[in-house]
Amino acid sequence: MLVVLSKLQSITGQAAGGKGGRHISGSGSLAVSPNPVKSFSPFTISGSGFNGNSWVIVGPVGIIPFAQVMTDASGSFSVIYTRLLPPDTYTLEAYQEKGKSWVLKARLTFTVVP
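Residues numbered from 1 in each chain as written. Predicted model: local features only at pLDDT ≥ 70, side-chain atom pairs only at ≥ 80, totals over all residues. Heavy atoms only, no water.

What follows deals with the pairing of strand 5 (residues 67-70). Only one face of strand 5 is buried, namely the one carrying Ala67 and Val69, since none of Gln68 and Met70 on the opposite face is buried. Sheet topology places strand 4 (residues 55-60) next to strand 5; 4 bridges connect them, and they run antiparallel. The residue bridging Val58 from the neighbouring strand is Ala67, located in strand 5. Counting the residues that bridge the hairpin from strand 4 to strand 5 gives 6 residues, and of these Gly62 lies at a positive phi of roughly 85°. (Buried < 20%, exposed > 50% of the residue type's maximum accessible area, 1.4 Å probe, protein only. Helix = DSSP H or I, 4+ residues; strand = E, 2+ residues; numbered from the N terminus. Pairing = 2+ DSSP bridges.)

Set out below in structure tokens:
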């Protein structure tokens, strides 16, 4: 958990700077299931188009903790997100390690319904 929090603080510091906000670098894609997500229920986050066999940190912006998951050889992953969210619209972001930093690779807006 400490490692994830440390990495998340690194991401937050990186992403906060710059005039245009966070820019996506790469061609990763994200999906949630079920869609829409039922409020206060776990849901699955899936991703593809990432580098194979590497770490990804993924979660709704502003909600800690992000999930940390290893991609498979083809650059895909699937993780059950257990932080229970109230009804609202959220932005999901996925970051991947690049050297000693984290790069935003994918973004998805999704809805949580009552």
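Turning next to the pairing of strand 4. Where burial is concerned, most of strand 4 is hidden: 5 out of the 6 residues are buried. Bridging between strand 4 and strand 7 (residues 88-98) involves 5 bridges; their strand directions are antiparallel. Bridged to Ile57 within strand 7 is Tyr95.

Right, let's get into the sheet that holds strand 2 (residues 37-38). Taking strand neighbours across the sheet as the criterion, the 5 strands line up as 2-8-7-4-5 in an open arrangement whose pairing is mixed. What marks the edges here is a single partner per strand, and that holds for strand 2 and strand 5. Sheet topology note: the strand 2/strand 8 (residues 101-113) ladder contains 2 bridges and is parallel. Opposite Val37, over in strand 8, you have Val112 as the bridge partner.

Moving on: the packing of aromatic side chains. In this structure the tally under the stated criterion is 5 aromatic pairs. Aromatic side chains Phe43 and Tyr81 sit 5.4 Å apart centroid to centroid with 45° between the ring planes, which places their arrangement in the tilted category. With Phe43 in strand 3 (residues 43-48) and Tyr81 in strand 6 (residues 77-81), this pair connects stretches of sequence that are 38 residues apart. You can call Phe43 buried: its relative accessible area is 1%. For Tyr81, a relative accessible area of 3% gives the class buried. (Phe/Tyr/Trp six-rings, centres within 6.5 Å; stacked < 30°, edge-to-face > 60°.)

Another point: the side chain of Ser54. With respect to the helices and strands, Ser54 occurs in the loop between strand 3 and strand 4. Filtering out sequence-adjacent residues up to four positions away, Ser54 remains in contact with Val69, Met70, Thr71 and Gln96. (Contact = heavy atoms within 4.5 Å.)

A residue-level look at the protein finds 77% of positions with pLDDT of 70 or above and a mean pLDDT of 83. Segment residues 1-21 is flagged for pLDDT under 50; beyond a separation of four residues in sequence, or across chains, it makes 17 contacts in the model. (pLDDT = per-residue confidence, 0-100.)

Bringing the pattern of salt bridges into the picture now. For the structure on display, the rule yields 1 salt bridge. Two residues, Arg107 and Glu93, come together in a salt bridge whose shortest N-O distance is 3.0 Å. Of the two residues, Arg107 is situated in strand 8 and Glu93 in strand 7; the sequence distance between them amounts to 14 residues. For Glu93, a relative accessible area of 2% corresponds to the buried category. (Salt bridge = Lys/Arg side-chain N within 4 Å of Asp/Glu carboxyl O.)

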